[in-house]
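Inside the fold
One-letter residues, chain by chain:
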Amino acid sequence: MDLSVTLNGQTHDLPLKNPILTASGTFGYGVEFASYGDLAGLGGMVVKGLSLEPREGNPTPRIVETVSGMLNAVGLQNDGVDVFCTQKLPLLPWQETAVIANIYASSAEEFGRLAARLNDEEGVAALEVNVSCPNVREGGVAFGQDPGMIAQVTSIVRHAAPGKHIMVKLSPNVTDITVMARAAEDAGADSISCINTLLGMAVDLQTRRPSLANVVGGLSGPAIKPVALRCVWQVARAVKIPVIGVGGISCVEDVLEFILAGAHAVQIGTASFMRPDCAFDLVQQLPEACERLGITSLQELRGSLQVD
């Protein structure tokens with residue numbers, strides 16, 4: 001069957017050979033996973049978050065395993081956008097599969113500068129805007145917790161990168177995620193990815209200290225899948241632009257459940273820590289799973305969840 005998907009945006013479409021993408025922060029820059037499968041066979045790769053300047057991240061320990069998941073407070077460690085463009089991007093098969101650059105910043109203006117830098121890179125098919133990071137000029141409030149801030153950042157990125165598909169990644173740590181999704185759509189987003197991690201913490205009973213040096217971190221993995229499914233279902237009904245499901249996807253049935261709930265594509269995240277070849281395997285397993293479940297078209301499956 002035809003596994004290809006097109007994310008039809010308001011300004012730019014993003015064609016994918018299949019709906020399996022990798023999630024930012026879990027797949028490195030892509031090249032680290034080349035020995036586990038064919039990078040060109042994936043629907044797309046979302047590389048680890050990029051900032052204007054190199055960033056060391058948070059002190060250790062910054063990853064801890066939890067029941068059905070993990071907590072991370074890596075602190076968005078990366079080599080900076082220039083190193084990515086000159087040293088990492090040329091090693092990726094961007095001519096064959098979509099490379100999506102996840103970007104984050106501490107001010108709306110900085111988002112614009114970062115987007116403008118990447119707009120000129122032929123090998124970058126799209127930008128995924130991480131609005132879960134704090135706005136230092138607003139006292140550390142996360143951009144993604146205020147629809148006005150989401151609209152401002154999305155609009156600035158849209159104008160700074162007129163040649164790219166703009167995807168906005170939403171946080172679940174809000175009262176109503178549909179309000180945030182509509183703010184991004186109204187400001188010019190081409191698609192929505194959801195969800196980012198849930199805020200959580202773990203403690204060590206022996207030391208009586210937090211397990212993470214940062215005290216709190218982002219919860220990911222199978223534990224958050226029900227929340228992610230709910231958010232995808234709500235957002236897909238609230239906006240007209242495509243939705244990409246993220247959160248706890250580790251098997252082919254998970255992929256199809258997200259599409260049933262309304263997702264055009266999915267991102268594989270924490271599962272890649274458990275099985276580095278997971279995303280590659282899901283690409284291979286998807287046609288057989290569709291045949292087994294009587295699914296003849298991903299387009300017909302999408303959003304067909306019966307709730308009445």
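Since we're looking at a predicted model, the values are computed, not measured.

**A look at unusual backbone geometry**
Of note, the bond from Thr-60 into Pro-61 is cis; its omega dihedral lies within 30 degrees of zero at -5°. Following Cys-194, the chain continues to Ile-195 via a peptide bond in cis, the omega torsion being 20°. Summarising the element assignment, Ile-195 is placed in the loop between strand S12 (191-194) and strand S13 (198-201). Unlike most non-glycine residues, Arg-208 shows phi in positive territory, near 55°. Under the relative-accessibility criterion, Arg-208 is labelled exposed at 75%. Residues other than glycine seldom take positive phi values, yet Val-215 does so here, at roughly 75°. Along the chain, Val-215 turns up in the loop between strand S15 (209-210) and strand S16 (216-220).

**So, a nonpolar patch on the surface**
Residues Leu-199, Met-201, Val-203, Val-215 and Val-216 make up a contiguous nonpolar surface patch of roughly 450 Å² in combined accessible area. Mapped onto the fold, Val-203 is located in strand S14 (residues 203-204).

**Focus on the pattern of salt bridges**
Scanning all chains against the criterion turns up eight salt bridges. The partner of Asp-82 in a salt bridge is Arg-117, and the shortest N-O contact between them spans 2.8 Å. One end of the pair, Asp-82, is in helix H1 (residues 81-88); the other, Arg-117, is in helix H2 (residues 108-119), and 35 residues separate them in sequence. Here Asp-82 falls in the partly exposed class, since its relative accessible area comes to 42%. The class of Arg-117 is partly exposed, set by a relative accessible area of 25%. Between Arg-292 and Glu-253 there is a salt bridge whose closest N-O contact spans 3.3 Å. Pair noted here: Arg-292 is in helix H8 (residues 278-292) and Glu-253 is in helix H6 (residues 252-261), with a separation of 39 residues, a long-range link. In this structure Arg-292 comes out as partly exposed when scored by relative accessible area, which is 45%. Since its relative accessible area comes to 31%, Glu-253 is described here as partly exposed. One salt-bridge network, held together by shared partners, links Asp-82, Arg-117 and Glu-121.

**Focus: the nonpolar core**
In summary, soluble globular proteins display a tendency toward joint burial of nonpolar side chains. Ranked by size, the top nonpolar core spans 81 residues in total, and within it Leu-127 and Leu-170 carry the most contacts. Ranked by residue count, the leading element in this core is H8, at eight residues. Judged by nonpolar contacts, the second largest core, of twelve residues, contains Leu-7, Leu-16, Leu-21 and Ile-100.

**Describing the sheet that holds strand S3 (residues 20-22)**
Here we have eight strands rolled up into a closed barrel, ordered S3-S4-S7-S8-S11-S12-S17-S18, and parallel in their pairing. When the angles between neighbouring strand axes are averaged without regard to direction, this sheet yields 25°. Across three bridges, the pairing between S12 and strand S17 (residues 243-246) is parallel. By the bridge assignment, Ile-192 is partnered in S17 with Val-243. Against the sheet, helix H4 (residues 177-186) contacts strand S11 (165-170) and S12, and its axis sits at roughly 160° relative to S11.

**Topic: the sheet that holds strand S5 (residues 63-66)**
One open sheet holds the four strands; their spatial order is S5-S6-S16-S13, and the pairing between them is antiparallel. Of all the strands in the sheet, the pair left with one neighbour each is S5 and S13. The mean angle between the axes of side-by-side strands here comes to 40°, regardless of whether they run parallel or antiparallel. Sheet topology places S13 next to S16; four bridges connect them, and they run antiparallel. Bridge assignment links Leu-199 to a residue of S16, and that residue is Gly-218.

Cut-offs applied
Residues numbered from 1 in each chain as written. Predicted model: local features only at pLDDT ≥ 70, side-chain atom pairs only at ≥ 80, totals over all residues. Heavy atoms only, no water. Helix = DSSP H or I, 4+ residues; strand = E, 2+ residues; numbered from the N terminus. Buried < 20%, exposed > 50% of the residue type's maximum accessible area, 1.4 Å probe, protein only. Patch = residues over 30% accessible without salt bridge, like charges linked within 9 Å, V, L, I, M, F, W, Y side chains within 5 Å. Areas by Shrake-Rupley, 256 points an atom, 1.4 Å probe, with all protein chains shown as cover. Salt bridge = Lys/Arg side-chain N within 4 Å of Asp/Glu carboxyl O. Core = buried A, V, L, I, M, F, W, Y, C linked by side-chain atoms within 4.5 Å. Pairing = 2+ DSSP bridges. Axes fitted to C-alpha atoms, helices over the stretch in contact; angles between N-to-C directions. Contact = heavy atoms within 4.5 Å.

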